[in-house]
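Residue-level structure breakdown
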Amino acid sequence: MKTIATIMRASLLAATLVLAGCASFSADSGMGAVQGLAGAPIGKEVIAIRSEEDALAARSLIDTLLAKPLTADSAVQIALLNNRDLQAAYNQLGISEAQMVQASLPPNPTFSIERIAGAGSVEIEARAIAGILSLLTLPARAQIAADRFRQAQLQAADTTLRVATDARRAYFRAVAARSLAGFLVQSQSAAEAATQLSRELGESGTMTKLDQARNQVFFAELTAQLAQARQLASTERERLIRTMGLWGPDTEFRLPASLPRLPGRPSAQPDIEREAVARRLDLQIARMEVLALARSADLTNATRLISVLELAGIRKKVTSDEGTERERGFELELQIPIFDLGTTRVRQAEETYMQAVNRLTAKAVNIRSEAREAYGTYRAAYDIARHYQREVLPLRKIISDETLLRYNAMQIDVFTLLTEARQRIASTTSAIEAERAFWLAAANLGAAVLGGGAAAAEGATPGATMAAAEAGGGH
Amino acid sequence: MDHSRREFMGGAGLVLAGATLVAGRGMASEIPEAVIQESPAMQPPLYPKTGRDYQPVVTLNGWTLPFRMKDGWKEFHLVAEPVVREIAPGMKAHFWGYNGQSPGPTIECVEGDKLRIFVTNKLPEHTTIHWHGVMLPNGMDGVGGLTQPHIKPGKTFVYEFEARRSGTFMYHPHADEMVQMAMGMMGSLVIHPADPKFMRVDRDFVFVMASYDIDPGSYVPKVMTMTDFNLWTWNSRVFPGIDPLVCGLGDRVRVRIGNLTMTNHPIHKHGAPFTVTCTDGGWVPETARIPEVTTDVPVGAMRAFEFIADEPGDWAFHCHKSHHTMNAMGHEVKTFIGVNKDTARKVIRRLVPDYMPMGSAGMAEMGEMEMPMPDNTLPMMTGFGQFGPMEMGGMFSVVKVREGIKRDDYKDPGDYKHPAGTVAYEFKGIVTEPARKGPPPSSTKTKMEFNVIKPGSNGPAKHQH
């Protein structure tokens, strides 16, 4: 009895404690964290539209942004406000919060009074059946639900970043495709001019049918290429429209005719690995999963910590054309507790836990590599695009100018001039493609540090780890 | 280009330093100074200070190499070296030549002179000099490999022979000959008659003809060109860079021409007819001379013609192959005569904003317009006279006959002042349409015409546009 009473007392105490610290709905439904994790780093408003006012505010912002020619930033903002898949992810966050609040409430107790009469004594036993087990596990379950909520916030933030990255990429693709089609129009008019001229030369009797046909077939082929380029521009525009969640008259937004100018310098990011490991949301999610798993399996006796990530004492000197850069990283550790259990009862939990730890470690290693790769791609794309701007296009300009001088000096005729113009357009086209590659690489670089890139979808899916956590929780 | 000029100055400096160095080693008595001339302007005739007397020539846009007498030998020193030659104002060529110029200086001597010619090779490859048309010992003929070892870079060879036959001759390499002549290595050699009174003239001009292929915008001739040369030069100059042949009224004038191009040149002089008095073989007997206004100078040949400058005026003097009186032109340029390019102009300007249609009415507009052109490029046709654009280039100059020109005055006397009423003038009266059979030709051509123009081809006759 004494033992039971002690347990009862302890349980009631625990219940009281839990009830005292019981979770309630947050004012922002967890969106504050999403804004902090995803919105703030990319400088955008993140709103879960839950009321008429929210919807009106978002609508008015979207209208303002759509009124002007779209920029990459306005495209991203519109997508964040208007992409319904993203709003659905925010709804999921709300669902998680509701689950957390529910999990933090103690079970409704059942009260019973038993009166036993006999042998001249009456014993009245009042019992509060509160489902001792569930009361006992209440703190643990509440903690798990809180972890899940936190995880849902990270997921929502990750989805936010993904939508933002998608919008940015779609924007640059659409603008580049438009710009390419525009240059082909010019090329086509050169070919058209050559065609007209050769027709006239044919009529005056100075150009053979063969040469006329050669000039005309080029025009004809270019017309087909132009049609393809226009089709591509329209496809890319539709992709952007989908990312931004637009329909109806909203789809008539204007895009600029060309990509933005290249930045004067590429951004130097010597600490990109450290930053990526510290900030990547998918890594944070994975880490939370590991911790939640430990808790649900009641693995509390940490005997040691292991560091799955170490990035200590980076000090390197990079000597490039632009001078010497000293890169300095500082130590970063991501520590995970390792439990020493050793009993068969928890063997499964332990294996499950270690599985998650290994997956986390693999993810962290990949993230570091992805960050390096993204930066390498970004730098190379910048150098290539800049090479076109600084070398190829100026050389093309010299060729054009010199060709015109030779035309003036009657060394070449107008057809050579037109051929040269076409070649210049081909170089300009390559230059646009190089710029497009740069802007896509820049978008991917952001995603490699913050999350939300294509690479984030790779590796162990969150669903799988969630399932493992459930399995662990069963014990 | 500054770069090339610096190189040129440096090169010239080297040559002078080289000559000094020779003197410094106490060899001045053994080798005459190599005189360098860098100006393309025609130098006055060089009257002999020693040796036997003769009536000197003037070299068109050139000069005569001074000599010294030593132990009865007339000694000259030629230096084969890279040079920069102004082809005409606005264009310089990087050539190989002699003593600072291409062509090299004219060598003058007298029938019976003993000649000793030092040849120093400052080229990057071996060379020789062949004395074209001169009768001399076989071993002095200058054919590399055949009659002598080559003159290696840095070496000096000596040619010694007696000038046995008077007349007009040339000199040029006979070693890697195609390249070295395509690069401008040549010069004139004049052997005057022993008797200064024989065939004496008041003015005696000499030049060699050479053809070059220099891409517009470049400086060095393309040495592998075989026939498609784009610059036709007299003494490595083209119109308007060729000096006029200035003559005093009534002067007896001789013009000596050597041809080192790869084609013949029918040389034509306006005004008074002339007679060819000297060919490769020597003086033409008076009874065999034919009065002419055009004489053909074959490849590798020399001709000298004479005339009395008794008609004052500015008389054109040129090769009669019309494309030889043009500078560089693009042979692939289409003929736009009869094409209205206004339709295409707008579309083309979108791509090439400075585009200007040319050639729709012929090419005379080219001679009038001064369009921006590539570096170091002469207009295809150019030059202005007192009445307008002359639309010439290449082998073209003017024989300027004036009253009261002093004996050794070769200065350009300016435009000829035509006596009143002696210049073609515009008719101001009413011009009636010339009577024709049938209707006047229409500007829109018929299908039939196309078929006539291009027989045997399906050509533009069936335009299916």
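Residues numbered from 1 in each chain as written. Chains lettered and ligands numbered in written order. Predicted model: local features only at pLDDT ≥ 70, side-chain atom pairs only at ≥ 80, totals over all residues. Heavy atoms only, no water.

Where an unreviewed UniProt entry is consulted, chain B appears under the name Copper oxidase, with the organism given as Pseudorhodoplanes sinuspersici.

Looking at an unreviewed UniProt entry, one finds chain A named Copper resistance protein and attributed to Pseudorhodoplanes sinuspersici. Turning to chain A, the UniProt record has this under Sequence similarities (unreviewed entry): "Belongs to the outer membrane factor (OMF) (TC 1.B.17) family." (UniProt positions renumbered as here; feature names shortened; annotations may be inferred.)

On to the overall build of chain B, then. Scanning chain B for helices and strands turns up 5 helices and 24 strands. Burial statistics for chain B: of 465 residues in total, 51% are counted as buried. Look at the contacts in chain B between residues 6 or more apart in sequence, and 72% of them connect residues 24 or more apart. Accessible surface, chain B: about 21700 Å² in total, of which carbon and sulfur atoms supply 57%. (Helix = DSSP H or I, 4+ residues; strand = E, 2+ residues; numbered from the N terminus. Buried < 20%, exposed > 50% of the residue type's maximum accessible area, 1.4 Å probe, protein only. Contact = heavy atoms within 4.5 Å. Areas by Shrake-Rupley, 256 points an atom, 1.4 Å probe, with all protein chains shown as cover.)

Residues and elements named next belong to chain A. The terminal C-alpha atoms of helix H3 (residues 52-67) lie 22 Å apart, and with 16 residues this matches the ideal 22 Å at 1.5 Å per residue to within 8%. Turning to H3, its buried residues are Ala58, Ile62, Leu65 and Leu66. Take H3 and look down its axis: the buried residues cluster within an arc of 95°, on one side only. Seen from the buried face of H3, the exposed residues on the opposite side, beyond 90 degrees, are Glu52, Glu53 and Leu56. (Expected span 1.5 Å × (residues − 1). Arc of directions from axis to C-beta.)

Residue and element names in this part refer to chain A. Relative orientation of the contacting elements helix H4 (residues 72-82) and helix H5 (residues 84-104) amounts to 50°, with a least axis distance of 6 Å. Relative to H5, the element H4 is oriented oblique. Here H4 contributes Ala79, Leu80, Leu81 and Asn82 to the contact with H5, which in turn contributes Arg84, Leu86 and Gln87. (Axes fitted to C-alpha atoms, helices over the stretch in contact; angles between N-to-C directions. Parallel < 35°, antiparallel > 145°, perpendicular 65-115°, else oblique.)

A separate point is the side chain of Asn230 of chain B. Residue and element names in this part refer to chain B. Positionally, Asn230 belongs in the loop between strand S11 (203-212) and strand S12 (231-234). A distance of 2.9 Å separates a polar atom in the side chain of Asn230 from the backbone oxygen of Ile214. Excluding residues within four positions of it along the chain, Asn230 makes contact with Tyr212, Asp213, Ile214, Asp215, Pro216, Met326, Asn327 and Ala328. (Polar contact = N/O pair within 3.5 Å; in protein donor to acceptor, adjacent residues only side chain to side chain.)

What follows concerns the sheet that holds strand S7 (residues 130-132) of chain B. Residue and element names in this part refer to chain B. Overall, mixed pairing links the 4 strands, which are arranged S5-S10-S9-S7 in an open sheet. Strands at the two margins of the open sheet, each flanked by one partner only, are strand S5 (107-110) and S7. Averaged over all pairs of adjacent strands, the angle between strand axes in this sheet comes to 25°, irrespective of strand direction. Bridge analysis of S7 against strand S9 (residues 167-172) gives 3 bridges, and the strand direction is antiparallel. Bridging across to S9, Trp131 finds its partner in Tyr171. (Pairing = 2+ DSSP bridges.)

On to the nonpolar core, then. Ranked by internal contacts, the top residues of the largest apolar core, which has 83 residues, are Leu70, Tyr171, Leu240, Met244 and Phe253 of chain A. Looking at this core element by element, the count peaks at 17 residues for helix H6 (residues 132-204) of chain A. Ignoring any residue separated from it by four or fewer positions in sequence, one finds Leu240 of chain A in contact with Leu70, Ala75, Ala167, Ala170, Tyr171, Ala174, Phe253 and Leu255 of chain A. With 52 residues, the next largest nonpolar core counts Ala88, Met185, Ile191 and Leu378 of chain B among its residues. (Core = buried A, V, L, I, M, F, W, Y, C linked by side-chain atoms within 4.5 Å.)

It is worth spelling out the pattern of salt bridges at this point. All names here are of chain A. This model, assessed by the stated rule, comprises 39 salt bridges over all chains. Put simply, Arg379 and Asp383 hold a salt bridge, and the shortest N to O gap is 3.2 Å. Note that Arg379 and Asp383 are positioned in helix H10 (residues 347-408) at a spacing of 4 residues, about one turn of the helix. Residue classification places Asp383 among the partly exposed positions, given a relative accessible area of 32%. (Salt bridge = Lys/Arg side-chain N within 4 Å of Asp/Glu carboxyl O.)

Sequence positions flagged by UniProt for "domain: Plastocyanin-like" (unreviewed entry) are, in local numbering, residues 87-194 and 219-334 of chain B. In residues 87-194 of chain B, the share of helix is 6% and the share of strand is 41%. The end C-alpha atoms are 35 Å apart.

As a further point, take a nonpolar patch on the surface. A cluster of nonpolar residues, Met178, Met224 and Met262 of chain B, forms a patch on the protein surface that exposes about 330 Å² of accessible area. Mapped onto the elements of the fold, Met224 of chain B is located in the loop between S11 and S12. (Patch = residues over 30% accessible without salt bridge, like charges linked within 9 Å, V, L, I, M, F, W, Y side chains within 5 Å.)

What follows concerns the confidence of the model for chain A. Residue and element names in this part refer to chain A. Taken as a whole, chain A shows an average pLDDT of 78; of its residues, 73% reach a score of 70 or greater. Here helix H12 (residues 462-473) stands out as the element of chain A with the lowest mean pLDDT, 34, in contrast to H4, whose mean of 94 is the highest. pLDDT under 50 marks residues 12-20. Its contacts with residues more than four places away, or in other chains, come to 5 contacts. Predicted confidence for residues 327-332 stays below pLDDT 50, and this span has 21 contacts to residues more than four positions away or in other chains. (pLDDT = per-residue confidence, 0-100.)

Take the pairing of strand S19 (residues 294-297) of chain B next. All names here are of chain B. Residues Thr295 and Val297 of S19 are buried on one face, while the alternating residues Thr294 and Asp296, pointing to the opposite face, are not. Looking at chain direction, strand S15 (residues 265-269) and S19 are connected through 4 bridges and run antiparallel. The residue of S19 that forms the bridge with His265 is Val297.

Applying the stated criterion to the full structure yields 22 aromatic pairs over all chains. Relative to Phe172 of chain A, the ring of Tyr171 of chain A has its centre 5.4 Å away and its plane inclined at 70°; by these criteria the two rings are edge-to-face. Tyr171 of chain A gets classed as buried once you look at its relative accessible area, which sits at 3%. Pairing Phe274 of chain B with Phe305 of chain B gives two aromatic rings, centres 3.9 Å apart and planes at 20°, and the pair type is stacked. Here Phe274 of chain B is found in strand S16 (residues 274-279), whereas its partner Phe305 of chain B is found in strand S20 (residues 302-308), with 31 residues between them in sequence. For the pair Phe274 of chain B and Phe305 of chain B, a shared accessibility class is recorded, and that class is buried. An aromatic cluster of at least three residues, connected via ring pairs, comprises Tyr171, Phe172, Tyr375, Tyr378, Tyr382, Phe438 and Trp439 of chain A. Taking the ring centre of Phe67 of chain B as reference, the NZ or CZ of Lys74 of chain B above it sits at 4.5 Å. (Phe/Tyr/Trp six-rings, centres within 6.5 Å; stacked < 30°, edge-to-face > 60°. Lys NZ or Arg CZ within 6 Å of the ring centre and 35° of its normal.)

Here we come to the domain arrangement of chain B. Residue and element names in this part refer to chain B. Split into domains, chain B comes out as domain 1 (58-195), domain 2 (204-324) and domain 3 (330-376). On a C-alpha basis, the centroid separation for the pair domain 1 and domain 2 is 20 Å. For the interface between domain 1 and domain 2, the tally reads 1 salt bridge. Among the ionic pairs, Glu86 bridges to Arg237, the shortest N-O distance being 2.7 Å. Inspection of the region where domain 1 meets domain 2 yields 16 residue pairs in polar contact (both at pLDDT 80 or more). Elements supplying a minimum of two residues to the side of domain 1 that touches domain 2: strand S1 (58-59), strand S3 (73-88), strand S4 (91-98), S9, helix H2 (177-182) and strand S10 (187-192). Class assignment of the residues belonging to the side of domain 1 that touches domain 2 gives a composition of 19 nonpolar, 14 polar and 4 charged. (Domains from an automatic or database assignment. Nonpolar A, V, L, I, M, F, W, Y, C, P; charged D, E, K, R; others polar.)

The next thing to look at is the environment of Ala364 of chain A. With respect to the element layout, Ala364 of chain A can be found in helix H10. Each C-alpha atom of the pair Ala364 of chain A and Val277 of chain A lies 6.6 Å from the other, and the pair is 87 residues apart in sequence.

Moving on, we come to the pairing of S20 of chain B. Along any regular strand the residues' side chains alternate between the sheet's two faces. All names here are of chain B. Along S20, 6 of the 7 residues are buried, which leaves the element largely enclosed by surrounding structure. Bridge count for S16 against S20 is 3 bridges, and the pairing is antiparallel. Considered in S20, the bridge of Cys278 is made with Ala304.

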